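Descriptive analysis of the structure
So you can see what is in the structure, the chains are spelled out below.
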Amino acid sequence: MAIFPPSEKVWWNEPVERTEALWIGICLVWAMILFFMMPYWHIVGQQNLSNEAYKIPLADQGAESDPSQRFVGEAYEAKVEAYVAANTIREEGDTGIPVVKATDSGDVYMLGRLWDWYPILELEKGKSYRFHLSSLDWLHGWSLQPTNINIQVHPGYEMIFNVTPTETGEFGVVCNEFCGIGHHNMLGKIYVK
Ligand code: CUA
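Reading guide: rules and limits
- Residues numbered from 1 in each chain as written.
- Predicted model: local features only at pLDDT ≥ 70, side-chain atom pairs only at ≥ 80, totals over all residues.
- Heavy atoms only, no water.
- Pairing = 2+ DSSP bridges.
- Helix = DSSP H or I, 4+ residues; strand = E, 2+ residues; numbered from the N terminus.
- Axes fitted to C-alpha atoms, helices over the stretch in contact; angles between N-to-C directions.
- Contact = heavy atoms within 4.5 Å.

Pairing between the strands of a sheet comes from backbone hydrogen bonds, and it takes one of two forms, parallel or antiparallel. Pairing is mixed in the open sheet, where 5 strands are placed in the order β1-β10-β7-β4-β5. Taken across any chain shown, the strands that pair with only one partner, and hence form the sheet edges, are β1 (51-55) and β5 (116-118). If you compare each strand with its neighbour and ignore which way they point, the axes differ by 20° on average. Bridge analysis of strand β7 (residues 129-135) against strand β10 (residues 157-163) gives 5 bridges, and the strand direction is antiparallel. Opposite R130, over in β10, you have N162 as the bridge partner. Against the sheet, helix α2 (residues 74-87) contacts β4 (107-113), β5, β7 and β10, and its axis sits at roughly 125° relative to β4.

Attention now goes to unusual backbone geometry. Across the junction of Y118 and P119, the peptide omega takes the value -10°, indicating a cis bond. Along the chain, P119 turns up in the loop between β5 and β6 (120-123). Look at the link from Q145 to P146: it is a cis peptide, with omega at 0°. When you line up the elements, P146 lands in the loop between β8 (140-145) and β9 (149-153).

Here you go:
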C-alpha cells in the first residue's frame, strides 16, 4: 500500500535482477531486428515503396482570394481529367468508367475521392511508371490487391512513386482508411497487360 513509506528508503537503486535484465535484452534485440527490417525489406522485399510527396501550392488549390471557397483537390482533379481526356482507350463494361492507357512519358494519374478510385488504368508488364496519386477530399488509403502495397493518400498532397509491374493480370485497389458510409465500396482497378 502506498500510504506507508517504502521499507527501503532508496527503493529504486536496487541492482537489476537477472530475469529483468534478460527481458530488457530480449526486447532490445527484437527492437533492433524490427528496426533493421525496414530498410532490409525495402531493398529485398521490393514492397515498401519509397515515395515523394509534394504539397499542392495554395495558389493552385483554387479560389486563393477567398479561402472559404478553397477546394484542395481542384488543381489535381483538373490534371487527372486532362490525362483521362487525352488517353482513354475504352470504357469499363457499361459502367462508363474510363480505362486509361499510360502514355510513353510513363506518368500515370489516379485520384481518390468519396467513394471511388478514378480512373481505371492499363499498364504494361516490365515498363516503369511514375504513379501520381492524391485525394480530392478526405484521407484515403490506396491498397493494391493482392500485393502488399499501401499508400496513404492525403488531400492537398500529390504522392508520386515508381512502379514496374512484374506480372500481368487484373489488380484491385481498395480503400483502407475509413472514410465514411461508402468506404467499403471505394474500389478501383488496374490492368496489367
Ligand atoms: Cu476512402 Cu475509405
